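Structural overview
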Amino acid sequence: MDTVFIRGLKAKAVIGVFDWEKQIRQNLVLDLDLRADVAHAAASDTLEDAVDYKAISQRVVEFVEDSQYQLVESLAEAVARIVREEFAVSWVRIRIAKPFAVRTAQEVGVVIERGD
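Definitions and limits used
Residues numbered from 1 in each chain as written. Predicted model: local features only at pLDDT ≥ 70, side-chain atom pairs only at ≥ 80, totals over all residues. Heavy atoms only, no water. pLDDT = per-residue confidence, 0-100. Helix = DSSP H or I, 4+ residues; strand = E, 2+ residues; numbered from the N terminus. Patch = residues over 30% accessible without salt bridge, like charges linked within 9 Å, V, L, I, M, F, W, Y side chains within 5 Å. Areas by Shrake-Rupley, 256 points an atom, 1.4 Å probe, with all protein chains shown as cover. Salt bridge = Lys/Arg side-chain N within 4 Å of Asp/Glu carboxyl O. Axes fitted to C-alpha atoms, helices over the stretch in contact; angles between N-to-C directions. Left-handed = near helix turned anticlockwise from the far one by under 90°. Contact = heavy atoms within 4.5 Å. Nonpolar A, V, L, I, M, F, W, Y, C, P; charged D, E, K, R; others polar. Phe/Tyr/Trp six-rings, centres within 6.5 Å; stacked < 30°, edge-to-face > 60°. Buried < 20%, exposed > 50% of the residue type's maximum accessible area, 1.4 Å probe, protein only. Lys NZ or Arg CZ within 6 Å of the ring centre and 35° of its normal. Core = buried A, V, L, I, M, F, W, Y, C linked by side-chain atoms within 4.5 Å. Polar contact = N/O pair within 3.5 Å; in protein donor to acceptor, adjacent residues only side chain to side chain.

Okay, the confidence of the model for the protein next. Looking at the protein as a whole, the pLDDT averages 96, with 100% of positions reaching at least 70. Of all helices and strands in the protein, the one with the weakest mean pLDDT is helix α1 (residues 39-44) (93), whereas helix α2 (residues 53-66) scores best (98).

This is the structure:
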């Protein structure tokens, strides 16, 4: 099986457990790995047969920016569900980073994998 990937997808969201976090939008950076068989798309050379990473990126950013979660874990789970259900992707790895959420760390976050 092949992998289509999206790296460094940026979105701003209301996310966090503290009251002050619920009043602001924070930067998030997402990486997605999508398992797909790209042989058919490669043979036809048409977008209709491919995993449309532009459409996925737009949908994910739209969802993230409209969401309000306390935990990045919950947000990652919701993003994985959207990608698998709406774009017929059998397996996905989602990495969501919250840059500078911890003063002494460049970024913190979560990585989840869902599917077969």
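This part takes up a nonpolar patch on the surface. A surface patch of nonpolar side chains, amounting to about 490 Å² of accessible area, comprises V17, F18, W20, I24 and L71. With respect to the secondary-structure elements, V17 resides in the loop between β1 (2-15) and β2 (26-36).

Along the chain, D19 turns up in the loop between β1 and β2. Taking the C-alpha atoms as reference points, D19 and I94, separated by 75 residues in sequence, lie 26 Å from one another.

The next point concerns the packing of α2 against helix α3 (residues 72-86). At their nearest, the axes of α2 and α3 sit 11 Å apart, and the two run at 145° to each other. As for the relative orientation of α2 and α3, their crossing is right-handed in sense. Contacts between α2 and α3 involve I56, R59, V60, F63 and V64 on the former and, on the latter, L75, A78, V79, I82, V83 and E86. Considering only residue class, the contact of α2 with α3 consists of nine nonpolar, no polar and two charged.

The tally for this structure, following the rule as stated, stands at one aromatic pair. Seen in terms of ring centroids, F63 and Y69 are 6.4 Å apart; in terms of plane orientation they differ by 50°. Their pairing is tilted. According to the relative accessible area criterion, Y69 is partly exposed, its value standing at 25%. For R35, the ring lying beneath its charged end belongs to W91, and the centroid distance is 4.1 Å.

For the rest of this paragraph, the subject is the nonpolar core. In terms of nonpolar packing, the biggest core is built from 31 residues, with L32, L34, V60, V64, V83 and I94 touching the most fellow members. When contributions to this core are tallied by element, the ones reaching two or more residues are β1, β2, α2, α3, β4 (91-99) and β5 (107-115). If one sorts the elements of this core by residue count, α3 sits on top with eight residues.

A word on the environment of K12. Its place among the elements puts K12 in strand β1. A C-alpha to C-alpha distance of 4.6 Å links K12 and N27, two positions 15 residues apart in sequence. There is a polar contact of 2.9 Å between the side chain of K12 and the side chain of N27.

Bringing the pattern of salt bridges into the picture now. As enumerated under the stated definition, the model contains nine salt bridges in all. We note a salt bridge from E21 to K98, for which the minimum N-O separation is 2.9 Å. With E21 in the loop between β1 and β2 and K98 in strand β4, this residue pair connects regions lying 77 residues apart in the sequence. As far as the burial class goes, E21 and K98 line up, both buried. Of the charged contacts, one joins D31 and R95 as a salt bridge, the two residues approaching to 3.6 Å between their closest N and O atoms. In this pair, D31 sits in strand β2 while R95 sits in strand β4, placing the two residues 64 residues apart along the sequence. Look at R95 and you get partly exposed, because its relative accessible area is 28%. When salt bridges with common partners are traced through the structure, they connect R7, D33, R93 and E113 into a single cluster.

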